[in-house]
2 protein chains.
Amino acid sequence: MAGTTLRDVAKRAGVSIRTVSNVVNGSVPVSDELRTRVQAALEELDYRPNLVARNLRRGRTGMIALVVPELDVPYFAELAREVITAARAHGYVVMLDQTDGDGERERELLGRESRATMFDGLLLSPLTISAEELRSRTNRVPVVLLGEHIFNGDFHHVAIDNIAAAREATEHLLSLGRRRIAAIGDQPYSTGETAQLRTIGYRQALERAGVPVDEGLIVPTSRFHRHFGAEAMERLLALPQPPDAIFCYNDLLAIGAMHALTRAGVRIPDDIAVIGVDGIQEGRYSSPALTTVAPDKARIARTAVGTLIAVIDGTAPPPAESKAPYRLVVRESTAGHAAPARPR
Amino acid sequence: MAGTTLRDVAKRAGVSIRTVSNVVNGSVPVSDELRTRVQAALEELDYRPNLVARNLRRGRTGMIALVVPELDVPYFAELAREVITAARAHGYVVMLDQTDGDGERERELLGRESRATMFDGLLLSPLTISAEELRSRTNRVPVVLLGEHIFNGDFHHVAIDNIAAAREATEHLLSLGRRRIAAIGDQPYSTGETAQLRTIGYRQALERAGVPVDEGLIVPTSRFHRHFGAEAMERLLALPQPPDAIFCYNDLLAIGAMHALTRAGVRIPDDIAVIGVDGIQEGRYSSPALTTVAPDKARIARTAVGTLIAVIDGTAPPPAESKAPYRLVVRESTAGHAAPARPR
DNA sequence: CCCGGGTATTGCATCGTTGCAAAAGGCACC
DNA sequence: GGTGCCTTTTGCAACGATGCAATACCCGGG
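Small disclaimer: the values here were computed from a predicted structure and weren't measured.

Splitting chain A by domain gives domain 1 (1-35), domain 2 (63-160 + 297-325) and domain 3 (162-295 + 328-335). When each unit is reduced to the centre of its C-alpha atoms, the spacing between domain 1 of chain A and domain 3 of chain A is 63 Å.

Neighbouring residues of DNA strand C: 24 residues in total, closest A:Thr19, A:Ser31, B:Arg18, B:Tyr47 and B:Arg57. Within 4 Å of the protein, atoms of DNA strand C come from sugar and phosphate in 64% of cases. Side-chain polar atom of B:Ser21 to a phosphate oxygen of DNA strand C: 2.9 Å apart, as the coordinates give it. For the surface near DNA strand C, the elements supplying multiple residues, two or more each, are helix H2 (17-25) and helix H4 (51-58) of chain A together with helix H2 (17-25) and helix H4 (51-58) of chain B.

Let us look at the sheet that holds strand S10 (residues 291-295) of chain A. Whenever strands of a sheet pair, they do so through backbone hydrogen bonds, lying parallel or antiparallel. Residues and elements named next belong to chain A. Pairing in this open sheet of six strands is mixed, and the strands run S7-S6-S8-S9-S10-S12 from one edge to the other. Strand pairing shows two members of the sheet lacking a second neighbour, strand S7 (218-220) and strand S12 (326-329), which therefore form its edges. Between one strand and the next, the sheet's axes are offset by a mean angle of 15°, whatever the strand orientation. Across the sheet, helix H9 (residues 193-208) lies against strand S6 (181-186), S7, strand S8 (245-248) and strand S9 (273-277), angled at about 165° from S6, the strand it touches most. On the sheet, helix H11 (residues 251-263) packs against S6, S8, S9 and S10 and is oriented at approximately 155° with respect to S9.

This paragraph deals with the side chain of B:Gln187. Residue and element names in this part refer to chain B. Within the element layout of this structure, Gln-187 appears in the loop between strand S6 (181-186) and helix H9 (193-208). We classify Gln-187 as buried; its relative accessible area is 11%. Those residues within four positions of Gln-187 in sequence are excluded, and the remaining contacts are Gly-192, Ala-195, Gln-196, Thr-221, Ser-222, Arg-223 and Phe-224.

Once that is clear, we can look at the UniProt feature "domain: HTH lacI-type" (unreviewed entry) in chain A. Taking the numbering used here, the UniProt-annotated feature "domain: HTH lacI-type" (unreviewed entry) corresponds to residues 4-58 of chain A. In the segment residues 4-58 of chain A, helix accounts for 71% and strand for 0%; the C-alpha atoms at its two ends are 20 Å apart.

Residues and elements named next belong to chain B. Following the sequence through the fold, Lys-297 ends up in helix H12 (residues 297-313). Residue classification places Lys-297 among the buried residues on the basis of a relative accessible area of 9%. Within the local environment of Lys-297, its side chain forms a polar contact with the backbone oxygen of Gly-279, the two atoms lying 3.0 Å apart.

Let us look at unusual backbone geometry. Backbone geometry follows two general trends: most residues other than glycine have a negative phi, and most peptide bonds adopt the trans configuration. Backbone torsion omega between A:Ile268 and A:Pro269 reads 0°, so that peptide bond is classified as cis. In this fold, A:Pro269 is placed in the loop between H11 and S9. You will see that A:Asp278, though not glycine, has its phi angle at about 135°, which is positive. Its identity is not glycine, yet B:Asp46 carries a phi of approximately 50°, on the positive side.

Definitions and cut-offs
- Residues numbered from 1 in each chain as written.
- Chains lettered and ligands numbered in written order.
- Predicted model: local features only at pLDDT ≥ 70, side-chain atom pairs only at ≥ 80, totals over all residues.
- Heavy atoms only, no water.
- Domains from an automatic or database assignment.
- Near = heavy atom within 4 Å.
- Polar contact = N/O pair within 3.5 Å; in protein donor to acceptor, adjacent residues only side chain to side chain.
- Helix = DSSP H or I, 4+ residues; strand = E, 2+ residues; numbered from the N terminus.
- Pairing = 2+ DSSP bridges.
- Axes fitted to C-alpha atoms, helices over the stretch in contact; angles between N-to-C directions.
- Contact = heavy atoms within 4.5 Å.
- Buried < 20%, exposed > 50% of the residue type's maximum accessible area, 1.4 Å probe, protein only.
- UniProt positions renumbered as here; feature names shortened; annotations may be inferred.

Here's what the structure looks like:
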C-alpha cells in the first residue's frame, strides 16, 4: 500500500537517502557510477516522490485554487479552461471549487477549517462576499479577484470595464436605429455590483444618444441563467409597447430571451435585436447566432495567474485593478442572417 | 509570512503542543479550563492548521482528481459540477485537470513526475490512453474510469450502456416514421471506442426495424464539437438524397448540425429530425429545443465518487462495470413545436 | 609523504502535525 | 495512608522529503 520512499531506494542502491534525493532532483552533482546505480533502483522500485512531504518541506504546494460560482455556467467553464492552461505554463496546477453563489460557501472557504492552507494562492470570483469580510478573513493567503465586485484597492483584481462594455453593447443596438432598448439582468441589491455597473453603462449610452430611459424596460433577474432570460423576455413581450432590442447582461440570459422570442414567433433581429455579454461558444451556434461583447478570457486568465504568482513570489506591485480587453462580436442576432458561420 | 503553528499556540496558552492539537481535533477529552485557555490563544493568533503537514502525517489528503478531456465541453462541465458536489458530501475536494484529448497529457498524468501522489484517488475520463498503459502506470493509485473505453475488468468503471442508448435514440427516430436516418460522430479508429459502440447501437436499431444501413449516411467526425456537427451536416445536405433524420453522437454535434440546417433553410423536425446524446442544458434552450438521450449525471457522479472512496478505504468489491441510467428527453427537434419550455 | 583545494557523499535537523504510550494528577476504596 | 483505577496531559517519534554543513574522498603540488 505505502509507496516506495527514498529510504527504500537508498537501501536498495546501497547509498544514503540524501544521494538518492540528489539524483532525483538533479541539483547536486552525483558521480556517474552512483547515479547509474540509483537510477536502476529507482526504476526497479518504481519510485514516485511523495509530493505531500516535498510540499511540507519546501513550504509550497504548486497548487492554486480557482473558485467560481458555478462550473456549468459556460463562461466560468471557459475561463477555468484558460486558467488551467495559464497555470500549467507556470508549473502550477489548479484546484477548482464552486460556491453555487452561496455566500455561506464562500465564507466557509476562508474560514478556520478551510483548505486554503493547501494552496499557494487563490483566484476568487466572488459573488456575495463583501470586501470587508474578505479582508478580515484572508490571512496572508495571496488572493487575486476575478470580475467586478467593488473593491477598494486592497486586492489585486482583474476584470473588464463593465460600464464601458455595457455602454458599447447598447450603442451597438442604437447604431441599428433601435430606440426602445430593454435591459435584462439588473440586480439592484447589495451583491449585484457587476449587474449594477452594466446598468450604468446602459443608461450612459441612452443618455448620450438622447434617448429617454424607460424604467419599465429594465428587467431585473435573480441570476444569470437561461431560464431567467426567457422569463424576463416573456414579461417584456407582454408590455403594451414591447422593445425593439434587448441588451442582456450575459449570453445565457440572451439565449433564454431568444428562446422565448422564437417560441412567440418574433423574428430576430428583424423585430427585436438581441445582444449579450461573455462571448461563450454556445452563442456561435445558437439560432440565430448571438451578437455579444466578448471579454478576452485567455488574457484575463493569463493576467490573473501571472499576478497571483507574482504575489506568491513576493514580486508583485501593490494591489491594483487590471482592466482586461474585450471586443464586440457581431453576429446574426443583430445583423440579419448574413454572417457566415465560423469554424471553431 | 509563516502561519501560526501549534507550537506558537501552545507557548501562548502555556500548554503542550499535543494538548492544543487535542483541542483542535476534539478527539481526546480536554479539561474545561485548558480548553478555554487554548481556544482563546487559537483565536488571538488566528491559528489555521497546516493541511499539508496534517496530510503527511495522516497519509491522506482528502483530495481526489477528476481528469476530463475538456472542461469547456458542457457535458464535462456539468459532470464536474456533480462530481464536486458528490465529493463534498464525503468530505473530499476535487482537483480538476483537462488533457485536451491529448494522449501525451494523459500519459504524463500517470508518469514519474505526476502529481498523482497528492491525491487519494483518481477519476479518469480517458480519451486516448489504452487499458494496457493505464494498468502498467497506475501504481496502486485508486482509479475509477468514467465513460466507455473498452476495458477488461481491471478497473472500476461507470458509464451508460452506449449501445442501448444509441439504439433507443435511433428507434425514437424510426418511431416518427423516418427511414433515411443519418449518424454523425463515428470514430472508426483505435481511440474512438465510445463512438464505435454508438454506431453498433445505431446499426442494431436499423436492422431490427428492417431498414437497410446506408454506409454513406454514417459520417465520422474527428471530435465531438459543434463545428464538426455543422460540417458533417453540410456534407449530408449535399447528398443527392439527403436524410430525413439525424442521430448525433452527442449534443454538441447535434447543435452544430441544427445550426447548419437552419442556415440552409431546412425545417426541424418537419424536414429533418435531430437527436443528440448527453442531455446538456444548452439543448433545452436551443432553437428548436433538442431531443436527447440524457445520462443521469448526478447518479454517475455519485456512483463514481462512492466507488472511488470505497477503493480508497479498501472496502470496495473487485473492479466491475457499473451501468448508469439514462433517459430519452423528447423536445422540439423531433416532436414539432408543441413541447412547452421547461424552467430550469 | 603531507597538505590544500575541490568535488562527492553523508548525517542531522527540520517542515507541522498526529499516533502511541508513558507520566501526572485526582479520587475512592480498602 | 497506601493502592489502584480512571482521566487528563505530555514527550517522543514518525510521516517523507530537503537545506545545511560537516565529512570523506581524490588529485596535484610542495
